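As a plain string of letters, each chain reads:
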Amino acid sequence: MADSLLFFGNERLATGVTSQVFVLQALIAAGYKIEAVITSNEDSVSRQKRDLEIGPIAHAAGIPVVLTGKNIPLEEKVAKHPADAAVLVAFGKIIPQKVIDMFPKGIINIHPSLLPKHRGPTPLESVILQGDKETGVSLMQLAAKMDAGPVYAQETVLLNGNETKQQLADHLLGLGANMLVQYLPDILSGKLQPIPQNDALATYDKLISKGASQLDFTKPAEQLAREVRAYSGWPKSRATIATRDVVVTRAHAVPGGGVPGTISLEPGQLGVQTYDGVLIIDSLIPAGKKEMTAQAFLAGYPIV
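The subject of this paragraph is the packing of helix α1 (residues 22–29) against helix α6 (residues 165–189). For the pair α1 and α6, the least separation of the axes is 8 Å and the interaxial angle reads 30 degrees. Between α1 and α6, the crossing angle belongs to the class labelled roughly parallel. Crossing hand, α1 versus α6: right-handed. Residue-level inspection shows F22, V23, A26 and L27 of α1 in contact with α6, the latter providing D170, L173, G174, A177, L180, V181 and L184. In the contact of α1 with α6, the residues fall into nine nonpolar, one polar and one charged.

Structure, rendered in structure tokens:
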């Protein structure tokens, strides 16, 4: 294939998730020449700095990995690896117009939502928190304004209401990789032209703060169950259960309710009451310990 590509991003679709690097591997398998991968070497929000999964994949294929930094402008790094077009997946920074203009055939962005819905940095968390019934993947022509470029193609994913952030990230990244390989030849040839988004229908997701990790049992149990799924990995879901600090890793809501924060013990279950429902904790991590089931927690840390 004559067209060469530059790759922006680390393929981590949300903070706190890992990546199986589906997109870069799909491009390599399809025979595209990747001039370089330009990415950051750290998770900018999480304290736990984790080596990027994309690094070994790129190195194994002989693709240079270029790290972003404050000392050298992005356009200077891009200029050293000229390409016909670029692919962007979870870069985490706004690409200035002068960099976009360096690619004769533009930059194609895989965005994990049905644009113009869920523009912004947290589309995965937001669809879980809001209880959306569907999400999807958009192949977009990158523009300098955040997530506002015209769209080449979209595919919808129905949600069952039990997805964790990691599960959703894996599903959407795999779908995005397949879509990119399918549509990229027509995008690069100009046969497939993007359609402008309807800005009047746009919704915007906000950054999530570390303070969101504290479970507030004055909220409905169903909302707390969504938070546990949306905040898995980071910022996590923290609570104090009978004076013990824990991170709740899996939970679900059941009907009921009472005084918010009251422990509810049924046979084999650990629940916390809210005014609307009971949050059943399925697994958790006590401070200084490994993840365990609620049953194991109750056996080792009797509450009553």
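This part covers the sheet that holds strand β2 (residues 33–39). Backbone-to-backbone hydrogen bonds join strands into a sheet, with any given pair of strands oriented parallel or antiparallel. Strand order in the open sheet formed by seven strands is β3-β2-β1-β4-β5-β6-β7, and the pairing between neighbours is mixed. The sheet is open, and its two edges are formed by β3 (65–67) and β7 (151–158), each paired on a single side. Here the strands of the sheet are splayed against their neighbours by 20 degrees on average, with no regard to which way each runs. Here strand β1 (residues 4–8) runs beside strand β4 (residues 85–88); their pairing, made up of four bridges, is parallel. Along β4, the bridge assignment pairs L6 with A86. Lying over the sheet, α1 contacts β1, β2, β4 and β5 (107–111), oriented at roughly 170 degrees with respect to β1.

With that settled, consider the pattern of salt bridges. Enumeration according to the criterion identifies eight salt bridges in this entry. We note a salt bridge from R12 to E53, for which the minimum N-O separation is 3.0 Å. Pair noted here: R12 is in the loop between β1 and α1 and E53 is in the loop between β2 and α2 (54–60), with a separation of 41 residues, a long-range link. Between K219 and E227 there is a salt bridge, with the nearest N and O atoms lying 2.6 Å from each other.

Right, let's talk about the pairing of strand β8 (residues 238–241) for a bit. Across the two faces of β8 the burial differs, with A239 and I241 buried and R238 and T240 not buried at all. Hairpin connection, β8 to strand β9 (residues 244–254): the antiparallel pair is bridged by two residues, and A242 has positive phi, about 50 degrees.

Judged from the four bridges that link them, β8 and β9 form a sheet pairing that is antiparallel. Note on β9: the bridge partner recorded for R238 is V247. Judged from the eight bridges that link them, β9 and strand β12 (residues 278–286) form a sheet pairing that is antiparallel. Within the sheet, the bridge partner assigned to A251 lies in β12 and is I281.

Attention shifts here to the confidence of the model for the protein. Model confidence for the protein is summarised by a mean pLDDT of 93, while 96% of its residues fall at 70 or above. Low confidence marks residues 42–48, where pLDDT is under 50. Its contacts with residues over four positions away, or in another chain, come to 13 contacts.

This part is about α6. Taking 1.5 Å as the rise per residue, α6 with 25 residues should run 36 Å; its terminal C-alpha atoms sit 35 Å apart, in good agreement. G190 lies just past α6 and shows a positive phi near 90 degrees.

Each value, and the rule that gives it
- Residues numbered from 1 in each chain as written.
- Predicted model: local features only at pLDDT ≥ 70, side-chain atom pairs only at ≥ 80, totals over all residues.
- Heavy atoms only, no water.
- Axes fitted to C-alpha atoms, helices over the stretch in contact; angles between N-to-C directions.
- Helix = DSSP H or I, 4+ residues; strand = E, 2+ residues; numbered from the N terminus.
- Parallel < 35°, antiparallel > 145°, perpendicular 65-115°, else oblique.
- Left-handed = near helix turned anticlockwise from the far one by under 90°.
- Contact = heavy atoms within 4.5 Å.
- Nonpolar A, V, L, I, M, F, W, Y, C, P; charged D, E, K, R; others polar.
- Pairing = 2+ DSSP bridges.
- Salt bridge = Lys/Arg side-chain N within 4 Å of Asp/Glu carboxyl O.
- Buried < 20%, exposed > 50% of the residue type's maximum accessible area, 1.4 Å probe, protein only.
- pLDDT = per-residue confidence, 0-100.
- Expected span 1.5 Å × (residues − 1).

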